[in-house]
Each structure stands twice: as C-alpha cells, then as structure tokens.
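Structural features, examined
Here's the letter readout for the chains.
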Amino acid sequence: MLDVGFVSSLLASSIRAGTPLLYATLGETLTERSGILNLGVEGIMITGAFTGFAVSVLTGNPWLGVLFAGFAGMALAFIHAFFSVTLKANQPITGLMIVLLGLGITGFFGRSYIGEVAVYINPIHIPHLSTLPYLGEILFTHDPLAYIAVILAAVLWFLLFKTRYGLEIIATGENPEAADSVGVDVDRVRYICTLMGGFLVGIGGAYLSLAYAKLWTEGMTAGRGWISLALVIFSGWMPQRAVLGAYLFGGLDVLSFKLQAIGVGIPYHFMKMVPYVVTIVVLLFSVIRKRAAFGAPAALGIPYVRGKKE
Amino acid sequence: METILEMRNIVKRFEDVVANDHVNLEVRKGEIHGLLGENGAGKTTLMNVLYGIYQPDEGEIIFEGRKVRFRNPRDAISAGIGMVHQHFMLVPRMNVLQNVILGYRTPSDPLINHKWVESKVEELSEKYGIDIALYEVVMNLSVGEEQRVEILKALFRDVKLLILDEPTAVLTPQEVDSLFYALKSMTKSGLTIIFITHKLKEALKVTDKITVLRKGKNVGTVITAETSERELARMMVGRDVVMDVAKPEVKFGKEVLRVEDLWVKDDRGGFAVKGVSFSIREGEIFGIAGVSGNGQKELEEAIAGLRTPARGRILLNGKDITRLGVEKREEIAYVPEDRIGVGLAPSLSVLENLMLKDFKKYRKGLVLDYEKMEDRAKELIEEFSVKTPSLHSPASTLSGGNIQRLILARELSRSPRLIIASQPTRGLDVAGIDYVRRRLVESAAKGCAVLLISEDLDEIFQISDRIAVIFEGDIRGIMDRKEADYERVGYLMAGGLEVAV
Ligand SMILES: Nc1ncnc2c1ncn2[C@@H]1O[C@H](COP(=O)(O)OP(=O)(O)OP(=O)(O)O)[C@@H](O)[C@H]1O
Ligand SMILES: [Mg+2]
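This section reports on the structure supplied with the text. For clarity, every value in this text was computed on a predicted model and none was experimentally measured.

Criteria and cut-off values
By convention here, each chain's residues receive numbers from 1 onward along its written sequence. Following the order in which they are written, the chains are lettered starting with A and the ligands numbered starting with 1. Reporting in this predicted model follows two pLDDT cut-offs: at least 70 for local features of residues, and 80 or more for side-chain atom pairs to be given and counted; totals over whole chains, interfaces and linings ignore these cut-offs and use all residues. The side-chain values count all of the structure's non-hydrogen atoms but skip hydrogen atoms and water molecules. By convention in these notes, a residue is near a molecule or strand provided one of its non-hydrogen atoms lies within 4 Å of it. Under the rule applied, a polar contact is a pair of N or O atoms within 3.5 Å (in protein, one hydrogen donor and one hydrogen acceptor; residues adjacent in sequence only if both atoms are side-chain atoms). Helix and strand assignments follow DSSP, with helices taken as H or I runs no shorter than four residues and strands as E runs no shorter than two, numbered in order from the N terminus. The residue classification treats Ala, Val, Leu, Ile, Met, Phe, Trp, Tyr, Cys and Pro as nonpolar and Asp, Glu, Lys and Arg as charged. All others, Gly included, are polar. Burial status follows relative accessibility: with a 1.4 Å probe on protein chains alone, a residue under 20% of its type maximum counts as buried, one over 50% as exposed, and anything between as partly exposed. Contacts: residue pairs with any heavy atoms within 4.5 Å of one another. Only the stretch in contact is used when fitting a helix axis, every axis being a line fitted to C-alpha atoms; angles between N-to-C directions are given from 0 to 180 degrees. Angle categories: roughly parallel below 35 degrees, roughly antiparallel above 145, roughly perpendicular from 65 to 115, and oblique for all the rest. Every patch collects residues that have over 30% relative accessible area and no salt bridge, joining them within 9 Å if they carry like charges and within 5 Å if they are nonpolar side chains (Val, Leu, Ile, Met, Phe, Trp, Tyr). What sets the accessible areas is the Shrake-Rupley method with a 1.4 Å probe; for residues, cover comes only from the shown protein chains. Within this document, salt bridges are pairs made up of a side-chain nitrogen of Lys or Arg and a carboxyl oxygen of Asp or Glu, the two lying within 4 Å of each other. Here, a strand pair is defined by DSSP locating no fewer than two bridges between the strands. We define buried area as the total accessible area lost by two parts upon association, computed with a 1.4 Å probe and summed across both. Here, nonpolar core means buried Ala, Val, Leu, Ile, Met, Phe, Trp, Tyr and Cys residues that are tied together by side-chain atoms lying within 4.5 Å of each other. Here the expected span of a helix is defined as 1.5 Å times the quantity of residues minus one. Throughout, the arc means that of the directions going from the helix axis to the C-beta atoms.

Our next topic: the site of ligand 1. The environment of ligand 1 is made up of 22 residues, and the closest members are Gly40, Lys43, Thr44, Thr45 and Thr397 of chain B. What surrounds ligand 1 is not a single chain but chains A and B. Between ligand 1 and Thr44 of chain B there is a distance of 2.6 Å, counted from an oxygen atom to a side-chain nitrogen or oxygen. Among the secondary structure elements, those contributing two or more residues to the shell around ligand 1 are strand S2 (17–28), helix H1 (43–50) and helix H13 (400–412) of chain B. If one sorts the elements of the shell around ligand 1 by residue count, H1 of chain B sits on top with three residues. Here the residues of the shell around ligand 1 are counted per class, giving six nonpolar, 12 polar and four charged.

Structural data, given as structure tokens:
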C-alpha cells in the first residue's frame, strides 16, 4: 500500500498544504524577529483568505486578490503595530483582539460569498521537469505562489543574516536599548517588520482560498494561524527551517485524508487532531524549557521606551 | 587647547527629582575629563542628555563651536559622540563584529563587508592596543572583553568625544591598567574623553581635569595635578570623609556556617564550584577574594538557596540546610552580585522592595497594613540613606548606588545570623563604600557571621578576619589576615598555586 506512487503524491500535496502555513510562518518570523509578538495570525490569515477570494470574484483576477489579501493583512498588522509600538500596549491581548476582529469581520461580510466561484490560481506543470518520474510530480507541478513562498524564505534568510537590515532587525528584537543606542530607529524597524509580516500572513490566507481549497467558507483557516505560531517556535525563528516545518505540518494534514481514503482503521477525527496535538506539544515545550534555549528573541513581546530602565 | 564641548545650565527633572540642576561643563579637546560624584549625583543623567537619550528641560549644548540639539543617539553619533554605558549595550547572541557594526553602513551596504570591517578593526586594535576576537559570540565574553567591544564600537564610528560611564567598576586591576593605557593613546591621537567614576585614585591617575557633581549641581572643576584625594572627597560629599573602617578584634563565638566539600554546577552544566570547604563563626568576617566568574556566583547562590548543590553539605547553626528552599533560610541575608536580576523586583516600588521578605509581618486581616509598612520603610530609607523620589517610585528608577543601599537596607535590617555580601560596594561612592563596610563590621560585632565575596583587595584586607582565594571553583589557601599580604593573594587570584615555602 505504501508504494512509491503513494508517497510521491503525498509529498506533492504536503507542499500544497504546507504553503499557506509557510507564508504565515515567514510573516510571523519576521514580525517576531523585531521583538513584536503578533498572536493575531489566525485573524489576519482568515482576513487574507476572504479578501483574496472576494477580490478575485469581483475582478476576475486572482493575482489582484492575492495582492489585496496582503494589504488587508497589513491593515490588521497596522492595528497591532499601533497598539504595541506606539501605545506600548500588552501585545498578547492586542493580538487576540485581532483574531476576534478578523474572524468577526470575515464572518459578517463573508456570508454572501459562500458558494460563490472565483477565478483560482492553478498549478503550472513546468515543461520537461514535471515529467520526471516521481520527482517531477513532487517538485514541479505546483502553482506559482508555492514557488514564490520558497523563494521568499530564501530572501528572508538572506535579509536577516546577510544584510545590515537583518542585523538591525535582530538587534531590535534582542536588545532594543542597544539598537537604539547606536542609532537604530527601533519603532520604525518594528513597524516595518510587523506590517511586512502581516502582508505575508495575508497572502498565506489567500493561498488557502484561491489555490488550495478553492472556495470560501467561514472560519476556513481552521487553526492554521495557531499552527504557524507554533511553527515559528519549531523552526527556531529561522526562515530556512520554516520551509521544512511547514511542509511537515502540511504533510500531517494531508496524511489524514490519504490514510482514510485507502481505508486505514484509525478514526478520521484522530488523524485530524495530529497537527494540533503536535502544536500544543511544541508550545508546551517552549514554555517548559527556557525561552532562550529555543532561540526566542530576548525582547519578544516587551514594549520599548527609551530611557526607561528595565 | 580649544573647547570641544560646552554644556550650559543644563536642567533635567524626573517628576520631583531634579537630576541636573543648572549644570555647566566645559571640556577641552584632547583631554581626559573626569566626572565625579556620589551615587545619584546626576552624572549618568548629564551624559544621557549629551548623548540624546534624554532631552534637557533647560540649557544648551555647544559642540565644536556649534549649538546642537540631539533628539536621539543617532544625532549624537553622527556629530561624533560615542558613549560606553554603565550597563553595557550589547546584543549577547550576536558576535563581536555584528555588535560593532550594528547600525553602521559598510561600503557594500546593505550587504556587510566583512573584509573591510576586519581591516578597520585591526587598524584600531594596533593603534590603541585593544585586542578582541571578532567572531566570538558576545555571550561568551568576560566583562572586560565586553567593555572592549563597547569601546571598539565607538572608535569604529570615528568619534571625537568618547563618554565612559564608570568603566572600571567591573574590571580587574590588570584590565584597568590596559584600559588606561588605551585611553591615553586615544587622547594622543586627538580624541577627547569624559570619564565617570567614583574611584578617586583612578580619577587622579588618569584624568587631566575633574568636574564634581553633588546633588545634581556642579560643585566645581579642578585641575587634576593641583588637587588631592582629600579635596575631591570633600567636594563630592560636602564634608571631610574618613576612610578608615577597621575590623575590631572580637571574640569569635560558635560556628554559624559550615560548608563541606561543596560541588555546584553552573547554568551550562559544568562544575563551577569544585569541592569547597570552609566555616565561619559568630563575629567573623570571612573574605573570599577572586576575579569575578571563578565560581563565586554559584557558591553564594548555593548557600543562599537559589541553586541546588550537586554534592556536599551546607550547615547553618549545625543544621543541614543543603536542600532547603530560600524561604526556609530566613536567617541568611543575601546581597547578590546581580542586583537588578536577583536582588530586586525592578518594577515594584521602593516600599514593596523593602518589605518584600516581610509582608507576613504586616498582615491586617486579609490585607496589608500599608501605614505601618510605610513607617518602617521610611525609617529604613532614613537609616540607610537611600535617595529616592518617593516610597512609591519603581525601584528601577534609582541610581546604581541607591539600588545597592535599598538591598542592604532590606537584608541587614532583618537581623540575620549570616550575611552573604557579594561585591557589596561595587559601583558605590566613597561615602557609600565607607558606610557599607561599617555596617558589615557592626553586624559582625553583634555576633553575625559574614561571608564577604569581593574582587576588591582593599576591601578584603580592610575588614576580613580570614581571607580565602577562589580560582576556577577551587579555594586556594585560607589565611589569617595578619599573615596575608597583597602579593600572595594577588598571585593566588591569578591562578598561582600555593607552594610550601
Ligand atoms: N529614568 C528616570 N526616572 C526617574 N528618575 C531618574 C531616572 N534616571 C535617573 N533618575 C534619578 O536621577 C538622579 C540622578 O541619577 P543618575 O543615574 O544620573 O546618578 P549617577 O550620578 O549616575 O549615580 P550612580 O553613580 O549611582 O550611577 C537619581 O536620583 C535617580 O533616581
Ligand atoms: Mg550612573
């Protein structure tokens, strides 16, 4: 039953299922690297999913949908940035507020779009490469957004670890006072990272409605935002590891369908639980072990006020 | 020599506290200008105003002949001012190179040109004799090395004026010497330095001129060559200070603390304390000398109950307390080396910090008797002269020295049987040092056992009855003060082995 064909189709769908997680994880990684904890990922993702879908329905252009999903994510992230950076408010609480806001807004406006048909983003089969045995199916039959996600991970890795900007972002997340003392504009860095992070999370949502599920339903993110938060921890705030983590979790999601389809005797609901259980375990571990050991930015979630001793 | 910096009538207030009260400061190009003052005199505040961290409420700054207004550190940096803060501003998880160039644009910006940085750093190292491994992670550096990174950071930006806020407070004597050497060579190449310190000897040794602040006011500027320790002390404190606390001979009583073959691990899991044994009697001050980082922290934490030893026993008044929690060790007063982290709850008020261990005593039904607590706190603040805006200000707003007094007030007022005092006078001004040593001696005279852990040999020799040296977790020789001398202790501190003579 576990033949090569099964495995390669499983891997291919893992990538598809993992891509929305990857976008969200990359976005949140960027945000958290600057020291801002945005727990609103679930809310931003669902808003992206809805905005992308609606814009595609209205304009017939799914790419415009993706772009606007990004903007919608940015708008919600702006609320978070305003509260946490400018007003120095409690970040977890603002984040949770954004989850409720996102779910609420999309629930309300989304009703009339349920059952609508949008123009979707379709896979492209890369000539020659996609016909390779097995490998072709796994790697070269995806839609452009899936490839862009991987490129983005590479770009983000480069930005963080190879450029001055990255140095400034990491320093801001680790020790904002130190960054400030050498002239880094802490508030600006945090705004930019939170907004860009929101943009990516929004696109992750759009991927869900326009490329993966190809439909809109209320609450369709189904906890993927929370999984992404765990993935950020799981990947140790490293974009390159986020790719693996996202595909792995995508795979767990897909496995439940596949195993059910071929009639394995594990109840469907148990299989469905696996990603969430793993999420909880990851989060538990990160709480039990010292945060620093996991590589969390030292100033994550702590507002910065110049001249205020800690 | 021309004037490079003039600060005129600077006023800075924090709510009711006037940290700087119409302060004037004039610094000439190429000099080392000392800034002296008691704890809370406003030295750090004045420099933070200069560096753009605070905005002055009144007054003006003239730098290189132009009136300037720095809205943030970036403005100050681009004008050519660098600052090494009292508490270092480094990112522990980044390496030295990354810390040095943080916020700086290398020629290939936004990419980082490692080769270019390396050669520039090498040039600087040679010129000023500052040696440092560029790719070491800052977390693994000693305090002295961290300071070199901070200085390098400033030099790298081609500063004209370098501010050093109490740079020697955390250094070993050898490191102080090499710092002074570097400072001298910097002024030779035209740099100007403002040097904040409490230590009169150092100020006299390294500066050209000295400005003294007292209670936020400028008391005067003197030429170093024409002044003396006595005059400076009088300017700082406003009266003559005598610095001659001596430990009177007392009859030692029963044994209070006994440590037997103690092994303690550090955070990384290696042994930091390796089989240490000693005992302290009533009325005795037992001094442990040693360079910071040789297991002192782990040893004191094990005795205070913050860290469980891997092996060995700790006995207090003959009772085994090796595995008891902190709350069961009420008879131990602990003045930790890490004041902000272990000794204090920075966001709680001064009152709450003072009462932290005594809340139980002030229970009134279900609530606390705040009136009574306030009365007691006022007494303590008076007695230990803690300078604070009010009882209700967060402890974190106190100056470094006053934080130390606050901890002492809480710990010593609880009539302990054993006092663990770790670097108790680090960062304190003359009057403060005198005061703390006096308190320790008094406590011992009342029958307390005192464990004094210090890097400052003067301190160890001044008040200890017996002296031990700790090196790499091992106690090298315990001797009576009368038979100890500086050379021998210094030799053991640097890792020398005791040889039978
Ligand atoms: N951010 C702040 N908020 C409120 N009060 C402050 C703040 N910073 C400093 N102060 C107060 O201003 C006064 C001067 O403090 P400052 O830190 O300048 O002293 P200092 O001379 O550097 O002392 P030390 O030698 O102990 O470091 C102190 O009374 C301190 O409590
Ligand atoms: Mg100071």
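Having seen it, we continue.
Turning next to the side chain of Thr172 of chain A. All names here are of chain A. For Thr172, the position within the fold is in helix H7 (residues 164–174). Since its relative accessible area comes to 0%, Thr172 is described here as buried. Excluding anything up to four places from it in sequence, Thr172 contacts Ser34, Ala179, Val184, Val186, Val189, Arg190 and Ala299.

Residues and elements named next belong to chain B. The contact between helix H4 (residues 114–128) and helix H5 (residues 143–156) brings their axes to 11 Å, and the two run at 110°. By the angle class used here, H4 and H5 are roughly perpendicular. Of the residues in H5, those in contact with Trp116, Val117, Lys120, Val121, Leu124 and Tyr128 of H4 are Leu152, Leu155 and Phe156. Taken together, the residues of the contact of H4 with H5 break down into eight nonpolar, no polar and one charged.

Residue and element names in this part refer to chain A. On the surface, Ile266, Phe270, Met273, Val277, Val281 and Phe285 cluster together into a nonpolar patch covering about 540 Å² of accessible area. With respect to the helices and strands, Met273 occurs in helix H12 (residues 268–288). Look at Met273 and you get partly exposed, because its relative accessible area is 39%.

Two pairing modes exist for strands in a sheet, parallel and antiparallel, and in both the strands are linked by backbone hydrogen bonds. Residues and elements named next belong to chain B. Pairing in this open sheet of four strands is antiparallel, and the strands run S12-S11-S14-S15 from one edge to the other. Strands at the two margins of the open sheet, each flanked by one partner only, are strand S12 (271–281) and strand S15 (319–320). Across eight bridges, strand S11 (residues 255–265) lies against S12 in antiparallel orientation. Among the inter-strand pairings, Leu257 is bridged to a residue of S12, identified as Ile280. Running over the sheet, helix H9 (residues 296–304) touches S11, S12 and strand S14 (311–316) and is turned about 125° from S11.

Moving on, we get to the pairing of S11 of chain B. Residues and elements named next belong to chain B. Taking the residues between adjacent antiparallel strands as the criterion, S11 and S12 are bridged by five residues, where Gly269 takes a positive phi near 95°. When S11 meets S14, the two strands line up antiparallel, connected through five bridges. Following the sheet pairing, Glu260 is matched in S14 by Arg313.

Residue and element names in this part refer to chain B. Relative to S2, strand S1 (residues 3–14) is paired through eight bridges, and the arrangement is antiparallel. Looking at S2, one finds that Phe14 is bridged to Val17. Turn length for the S1-S2 hairpin, with the two strands adjacent in sequence and antiparallel, is two residues, and the turn residue Glu15 shows positive phi of about 45°.

Another aspect to go through is the pattern of salt bridges. A side chain with one charge may pair with a side chain of the opposite charge, provided their charged atoms come close. This structure, assessed with the given rule, holds 36 salt bridges over all chains. A salt bridge links Lys88 of chain A to Asp187 of chain A, with the nearest nitrogen and oxygen atoms 3.8 Å apart. Residue Lys88 of chain A is found in the loop between helix H3 (62–86) and helix H4 (91–110), and its partner Asp187 of chain A is found in helix H9 (residues 186–212); the two are separated by 99 residues along the sequence. Of the residues examined, Lys88 of chain A reaches a relative accessible area of 28% and is grouped as partly exposed. Where Arg426 of chain B meets Glu455 of chain B, a salt bridge forms, and the shortest distance between an N and an O atom there is 2.9 Å. In this pair, Arg426 of chain B sits in the loop between strand S19 (418–422) and helix H14 (430–445) while Glu455 of chain B sits in the loop between strand S20 (449–454) and helix H15 (457–463), placing the two residues 29 residues apart along the sequence. Per residue, the accessibility class of Arg426 of chain B equals that of Glu455 of chain B, and both read buried. One continuous salt-bridge network, built from bridges that share partners, spans Glu255, Arg258, Glu260, Arg313 and Asp320 of chain B.

Below, the discussion takes up the interface of chain A and chain B. With 29 residues of chain A in contact, the opposing surface of chain B contributes 32 residues. Here chain A and chain B share an interface that buries about 2,400 Å² over both sides, 60% of which is from carbon and sulfur atoms. The tally of links between chain A and chain B comes to two salt bridges. Put simply, Asp109 of chain B and Arg164 of chain A hold a salt bridge, and the shortest N to O gap is 2.4 Å. Linking chain A with chain B are eight residue pairs in polar contact (both at pLDDT 80 or more), by the criterion used here. Contributing elements (two or more residues each) for the side of chain A that touches chain B: helix H6 (144–162), H7 and helix H8 (176–181) of chain A. Along the lines of polarity and charge, the residues of the side of chain A that touches chain B split into 13 nonpolar, six polar and 10 charged.

Before going further, it helps to examine the nonpolar core. By size, the foremost hydrophobic cluster in this structure holds 125 residues, and its most contacted members are Leu5, Met47, Leu50, Leu162 and Met186 of chain B. Looking at which element gives the most residues to this core, the answer is H9 of chain A, with 11 residues. Contact partners of Leu5 of chain B, with chain neighbours within four places excluded, come to Leu25, Glu26, Val27, Leu50, Ile61, Ile62, Phe63, Leu161 and Ile194 of chain B. Counting 49 residues, the second largest nonpolar core, distinct from the first, contains Ala395, Leu412, Leu452 and Ile463 of chain B.

With that settled, consider helix H12 (residues 370–383) of chain B. Residue and element names in this part refer to chain B. Here H12 spans 20 Å end to end across 14 residues, near enough to the 20 Å set by a 1.5 Å rise per residue. When H12 is considered as a whole, its buried residues turn out to be Met373, Ala377, Leu380 and Ile381. Seen end-on, H12 carries its buried residues on one side only, within an arc spanning 95°. Across from the buried face of H12, at angles greater than 90 degrees, the exposed residues are Glu371 and Glu382. Lining the buried residues of H12 we find helix H11 (350–355), strand S18 (367–368) and H13. Within two residues after H12, Ser385 carries a phi angle of roughly 35°, on the positive side.

Residues and elements named next belong to chain B. Pairing is mixed across the open sheet formed by six strands, whose spatial order is S16-S19-S20-S13-S21-S22. Each edge of the open sheet carries a strand with a single partner, namely strand S16 (332–335) and strand S22 (474–480). For this sheet, the mean angle separating the axes of adjacent strands, direction not counted, is 15°. Both strand S13 (residues 285–289) and S20 contribute to a ladder of five bridges, which runs parallel. Paired with Ile288 across the two strands is Ile453, which belongs to S20. Against the sheet, H13 touches S16 and S19, its axis set at about 175° to S16.

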